[in-house]
Amino acid sequence: MRYRTLGPSGLLVSELCLGTMTFGGSDGMWGQIGQLRQDEADTLVKTAVDAGINFIDTANVYAGGESERILGQAIRNLGIPRDDVVIATKVLGAMGEGPNARGASRAHIMAQAKASLSRLQMDHIDLYQIHGFDPLTPITETLEALDTLVRHGHVRYIGLSNWAAWQIVKAVGISEARKLAPILSLQAYYTLVGRDLEREIVPMLQAEGIGLMVWSPLAGGFLSGKYSDGNTANDGRRASFNFPPVNLERGDAAIGVMRGIAEAKGCTVAQVALAWLLHQPVVTSVIVGAKRVEQLQDNIRSTEVALSADDLAELDAVTKLPPEYPDWMLERQAQYRAPFAPQKV
């Protein structure tokens, strides 16, 4: 297991992050995603930590807070020293019926940070993330609330999730101008069959030095290979919860190439999908969730899969996005300056 600094900080996190969305579900969407109880969650957390994973992600909305509660109890049950793990959680979604029991307002953030700490049985959250963009709350209000939590010691670092590039850059500018706690990371969807991030967000993250945490790296199970070629396998999450959306024609073509690479390397299709992400310079950590220990162990072995330049080129050829404006115009106009660009030594 390798470790990388999270954004512009000295905080080291493992290249794989344990996702806990499968913890505690009972009915509805969360029940479809996962219904792991305490003993099962304890086993997954132990398996992850034993493999060198020190980064664990959850959210207040996962199973209505039950995921946080189970995770916090697992840390205690296993006797894991608090400083040995980096705990990330998120805030935004509805945690009650009232209009203020959701969003990224100061009121909701402060109340939910306290509630998350209680469920986790911890005195601080290592990485507190805004789970999505709130169109009703000024960005400044959100950032100042997060800064208050950092200054009070309840939160160590802050991040975002599911924001557009312009929203993130605006937040970075406000933080710098007002000397607020800096934004370290973005949690976003990125896979071989979902490369939309590369149009605007990836260049922005690299320019600003912000870390990337990838959610749903197997595209809701699609990149395990069991749903391709018209196979509607009924034993996985995607059969009942078809998310994120996948272009099946392009997806099946990608799976075909991935199967060839997997066979040549003696690994699984899922491991190829995860290894591709781990080879992308913009990626800091890939969030892997599981319902079974065997699934998690299979995902962990992706850290041992080395993709060659030819492998990466083959995968890129079958999954690369078609150029869109302004990308093709920027590339064309950049040629005017190419002859004068400094030569690399």
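As the structure is a prediction and not an experimental result, all values here were calculated from the model. (Residues numbered from 1 in each chain as written. Predicted model: local features only at pLDDT ≥ 70, side-chain atom pairs only at ≥ 80, totals over all residues. Heavy atoms only, no water.)

**Notes on the pattern of salt bridges**
No. 1: For the coordinates displayed, the defined rule picks out 13 salt bridges.
No. 2: Residue R69 is joined to E66 by a salt bridge in which the shortest nitrogen-to-oxygen separation is 2.8 Å. Here the residue R69 and the residue E66 both occupy positions in helix α3 (residues 66-77), the gap between them amounting to three residues, near one helical turn.
No. 3: On the basis of relative accessibility, which here comes to 25%, the residue E66 falls in the partly exposed class.
No. 4: Ionic pairing is found between R119 and E68, a salt bridge with its closest N-O pair at 2.7 Å. In this pair, R119 sits in helix α4 (residues 106-120) while E68 sits in helix α3, placing the two residues 51 residues apart along the sequence. Residue R119 shares its accessibility class with E68, and that shared class is buried.
No. 5: One salt-bridge network, in which partners are shared between bridges, spans R2, R4 and E15. (Salt bridge = Lys/Arg side-chain N within 4 Å of Asp/Glu carboxyl O. Helix = DSSP H or I, 4+ residues; strand = E, 2+ residues; numbered from the N terminus. Buried < 20%, exposed > 50% of the residue type's maximum accessible area, 1.4 Å probe, protein only.)

**Some words on the packing of aromatic side chains**
Each pair of aromatic rings is reported with the distance of its centres and the angle of its planes.
No. 1: A full pass over the atoms with the stated rule returns six aromatic pairs.
No. 2: Summarising the aromatic geometry, the rings of F133 and W163 are spaced 5.0 Å apart at their centres and angled 90° between planes, so their arrangement reads as edge-to-face. Of this pair, F133 sits in the loop between β6 (125-130) and α5 (139-151) while W163 sits in the loop between β7 (155-161) and α6 (165-178), and the two are 30 residues apart along the sequence.
No. 3: By relative accessible area, F133 is classed as partly exposed at 26%.
No. 4: Following the ring pairs from residue to residue traces out a cluster consisting of F133, W163 and W166. (Phe/Tyr/Trp six-rings, centres within 6.5 Å; stacked < 30°, edge-to-face > 60°.)

**What to know about the environment of H131**
No. 1: With respect to the element layout, H131 can be found in the loop between β6 and α5.
No. 2: Residues H131 and A188 lie 57 residues apart in sequence; the distance between their C-alpha atoms is 9.8 Å.
No. 3: What H131 contacts, discounting residues up to four positions off in sequence, is A59, V61, Y62, K90, V91, L92, S161 and N162. (Contact = heavy atoms within 4.5 Å.)

**Observations regarding the packing of α5 against α6**
No. 1: Following both chains from N to C, one finds α5 and α6 inclined at 55°, their axes separated by 10 Å at the closest point. For the element pair α5 / α6, the angle class is oblique. When you trace α5 past α6, the crossing you get is right-handed. Residues I139, T140, L143 and E144 of α5 form the contact with α6, whose own contacting residues are Q167, K170, A171, I174, S175 and R178. (Axes fitted to C-alpha atoms, helices over the stretch in contact; angles between N-to-C directions. Parallel < 35°, antiparallel > 145°, perpendicular 65-115°, else oblique. Left-handed = near helix turned anticlockwise from the far one by under 90°.)

Coordinates in, geometry out; function isn't part of it.
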